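# Structure assessment
This is what each chain is made of:
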Amino acid sequence: IARLTTTLFSNRTMGLVSALLLAVNPVHLWLSSTGLTEGPVITLTLAALWAFVRYVSRRRLRALVLAAASLAVANGLRYETWVISLLFAAGVAYVWQRDRRSGWQLPLLALIPFLFPMIWLFGAFMESGSPFSFMGEITGYKRQWYGATADYGLYLRTFWRIDPYLLIFGLVALAKALGDN
């Protein structure tokens, strides 16, 4: 997070402060206290985001390779990062079109993160006849433990109780970023 913030804002102090805030963030501490996959996925996703920002600012293909590889590994750990990989592919496609670059490197790198999801979906299809059969398993698990109805507002309320400052600052930063464009 320090490298990402320093790269984005060209300010090392801001990078160190953001790393400190992440280090003492209650949600981060809570998730890192158990052996779940959230910690490595967050690390790999932040590495991919940093590498992509570095590629956009310096046009070094090596950074884009790092971003694609980080997302490819993250996609093997949790399926939620598949959405982030779609955003990554859209970002690469945008840069490719904006710079009017030709060649095969950028499109290929945009597809690398999808290797594991494609293998996963193919395997699910071969086993069950449906590429998304795992979603039924997840739904069954959630119904068993959380009941038939889901309260998605509970996530927001829990996040507000655990770390209201990050929620407020995140919404303010999002509004500012949208206002600057």
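Below: a short report on this structure.

## Points about the overall build of the protein
When you go through the protein residue by residue, the secondary structure sums to 11 helices and zero strands. Ordered by position in the sequence, the α and β elements of the protein form the string α-α-α-α-α-α-α-α-α-α-α. For the C-alpha atoms alone, the extent of the protein along its principal axes is close to 50 × 45 × 30 Å. Looking at the protein residue by residue over its 181 residues, the buried ones come to 24%. Carbon and sulfur atoms form 69% of the exposed surface of the protein, whose accessible area is close to 12700 Å². Of note, the protein has its 16 positive side-chain charges centred 14 Å away from the centre of its 8 negative side-chain charges.

## Looking at the pattern of salt bridges
For the structure shown, the criterion picks out two salt bridges. Note that glutamate 38 is salt-bridged to arginine 78, the shortest N-O span being 3.6 Å. With glutamate 38 in helix α4 (residues 38–58) and arginine 78 in the loop between α5 (61–77) and α6 (81–98), this pair connects stretches of sequence that are 40 residues apart. A residue is classified by how much of its surface remains accessible, and glutamate 38, at 19% relative accessible area, is buried. With a relative accessible area of 25%, arginine 78 lands in the partly exposed category. A salt bridge links arginine 78 to glutamate 80, with the shortest nitrogen-to-oxygen separation between them at 3.1 Å.

## Details of the layout of surface pockets
Quantified by volume, the second largest pocket comes out at close to 220 Å³. If you trace the second largest pocket, you find it lined by Thr45, Ala48, Leu49, Phe52, Leu71, Ile84, Leu87, Phe88 and Gly91. Elements represented by at least two residues in the lining of the second largest pocket include exactly α4 and α6.

## Section: the side chain of serine 85
Residue position: serine 85 is located in helix α6. Overall, serine 85 belongs to the buried group, its relative accessible area being 0%. Residues contacting serine 85, with those up to four places away along its chain left out, are Leu71, Asn75, Pro113 and Phe114.

## Some points on unusual backbone geometry
For arginine 59, which is not glycine, the phi dihedral falls at a positive 60°. Tracing the sequence through the fold places arginine 59 in the loop between α4 and α5.

## Regarding the environment of leucine 167
On the secondary structure map, leucine 167 appears in helix α11 (residues 164–180). Taking the relative accessible area as the measure of exposure, leucine 167 reaches 15% and is therefore buried. Note: C-alpha distance between leucine 167 and glycine 140 (27 residues apart in sequence) is 31 Å. Contacts of leucine 167, omitting those with residues within four sequence positions, involve Leu156, Phe159 and Trp160.

## So, the environment of glycine 15
Residue position: glycine 15 is located in helix α2 (residues 12–23). Residue glycine 15 is classed as buried on the basis of its relative accessible area, which comes to 0%. Those residues within four positions of glycine 15 in sequence are excluded, and the remaining contacts are Ala2, Thr5 and Thr6.

Calculation criteria
Residues numbered from 1 in each chain as written. Predicted model: local features only at pLDDT ≥ 70, side-chain atom pairs only at ≥ 80, totals over all residues. Heavy atoms only, no water. Helix = DSSP H or I, 4+ residues; strand = E, 2+ residues; numbered from the N terminus. Buried < 20%, exposed > 50% of the residue type's maximum accessible area, 1.4 Å probe, protein only. Areas by Shrake-Rupley, 256 points an atom, 1.4 Å probe, with all protein chains shown as cover. Lys, Arg positive; Asp, Glu negative; His and termini not counted. Charge placed at Lys NZ, Arg CZ, Asp CG, Glu CD. Salt bridge = Lys/Arg side-chain N within 4 Å of Asp/Glu carboxyl O. 1 Å grid on protein atoms, 1.4 Å probe; cavity = no way out; pocket = protein on both sides within 12 Å on 5 of 7 lines; lining within 4 Å. Points joined across faces, edges and corners; volume = space filled by probe spheres on them. Contact = heavy atoms within 4.5 Å.

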